[in-house]
Amino acid sequence: MQVNWPERFYCRSLVRKFAQWREVGFFRATRPIPPGAKVLEIGCGDGGGAGIFSRVFSPGLYHGLDVDPAMIRVAAGRRKGPIGATSLFVLGDAERLPYADGAFDAVVNFGIIHHLPDWRRGVAEVGRVLRPGGTFYFEEIYPPLYANPVFRVMLAHPRENRFHGPEFRAALRGEGLSLLPGFHESRLYILGVAVKTERP
């Protein structure tokens, strides 16, 4: 689902970009990928995260996907900057990724899966499009952060079938995504890196 204007404002803020710089630094320290890798970002928004990730990792190809046409237009305008000709921003649904199995070396998620009505399908799609040995870089937030009495009325999120840490980590395991040691988790969020293995 598309984010509403308060969340769109936050996602385009300097505060959010600073947080993404820190997250990408954690990703690189946990598991770097070789230059030239094929990367997909689900829920790319305005492309700010794509620019940060590309500066740090130097992918050979970066696809940013978002369900919001307005955000795709903004992100596409960034191709004149540091992302350059290696990027492509496409309109699409993270629950139904328009890519072949094993198409990417890495998938990036800056807090999008909790926006999906069928979030388990979103996790399954991540697992599907990653090649064996590929990397899933993610930041996700849990209901105590976005569904508390204050933010519940401000932000647009699905209300049914939400996940906390145990459910999210179990979904990763079920799709053959092995969470690496060193992840950060609290009752509010998780920041981690997982590697695609064969399904159990």
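Residues numbered from 1 in each chain as written. Predicted model: local features only at pLDDT ≥ 70, side-chain atom pairs only at ≥ 80, totals over all residues. Heavy atoms only, no water.

Q: Mind showing me how you'd approach helix 4 (residues 69–77) here?
A: Residue pairs three or four apart in sequence face the same way in an α-helix, which turns once every 3.6 residues. Those residues of helix 4 lying buried are Met 71, Ile 72 and Ala 75. What you see down the axis of helix 4 is that its buried residues fit within an arc of 100 degrees, all on one side. For helix 4, the capping residue at the N-terminal end is Asp 68, with a side-chain oxygen 2.9 Å from the backbone nitrogen of Ala 70. (Buried < 20%, exposed > 50% of the residue type's maximum accessible area, 1.4 Å probe, protein only. Helix = DSSP H or I, 4+ residues; strand = E, 2+ residues; numbered from the N terminus. Arc of directions from axis to C-beta. Polar contact = N/O pair within 3.5 Å; in protein donor to acceptor, adjacent residues only side chain to side chain.)

Q: What's the story with the side chain of Glu 41 in this structure? I'm lost.
A: Locating Glu 41 in the fold gives a position in strand 1 (residues 38–42). Buried Glu 41, no salt bridge; nearest opposite-charge side chain is Arg 16, N-O distance 7.5 Å. Reaching out from Glu 41, the side chain makes a polar contact with the side chain of Tyr 62 at a distance of 2.6 Å. Non-local contacts of Glu 41, meaning those with residues more than four positions away in its chain, are made with Gly 49, Ala 50, Tyr 62, His 63, Gly 64, Leu 65, Val 108 and Phe 110. (Lys, Arg positive; Asp, Glu negative; His and termini not counted. Salt bridge = Lys/Arg side-chain N within 4 Å of Asp/Glu carboxyl O. Contact = heavy atoms within 4.5 Å.)

Q: Hey, could you run me through the pattern of salt bridges in this one?
A: Side-chain pairs of opposite charge can arise whenever the charged atoms involved come near each other. Under the definition given, this model contains nine salt bridges. With a shortest N-O distance of 3.6 Å, Asp 46 and Lys 17 are connected by a salt bridge. Remark: Lys 17 occurs in helix 2 (residues 14–30) and Asp 46 occurs in the loop between strand 1 and helix 3 (48–57); sequence separation between them is 29 residues. An identical accessibility class is assigned to Asp 46 and Lys 17; each is buried. Among the ionic contacts, a cluster of salt bridges with common partners joins Arg 16, Glu 23 and Glu 139.

Q: When you look at unusual backbone geometry in this model, what are you seeing that I'm missing?
A: Note: most peptide bonds trans; most residues except glycine with negative phi. Even without being glycine, Ser 58 reaches a positive phi, approximately 50 degrees. Topologically, Ser 58 is positioned in the loop between helix 3 and strand 2 (61–66). In this structure Ser 58 comes out as partly exposed when scored by relative accessible area, which is 41%. One non-glycine residue, Asn 161, lies in the positive phi region at around 55 degrees. When its relative accessible area of 39% is taken as the criterion, Asn 161 is described as partly exposed.

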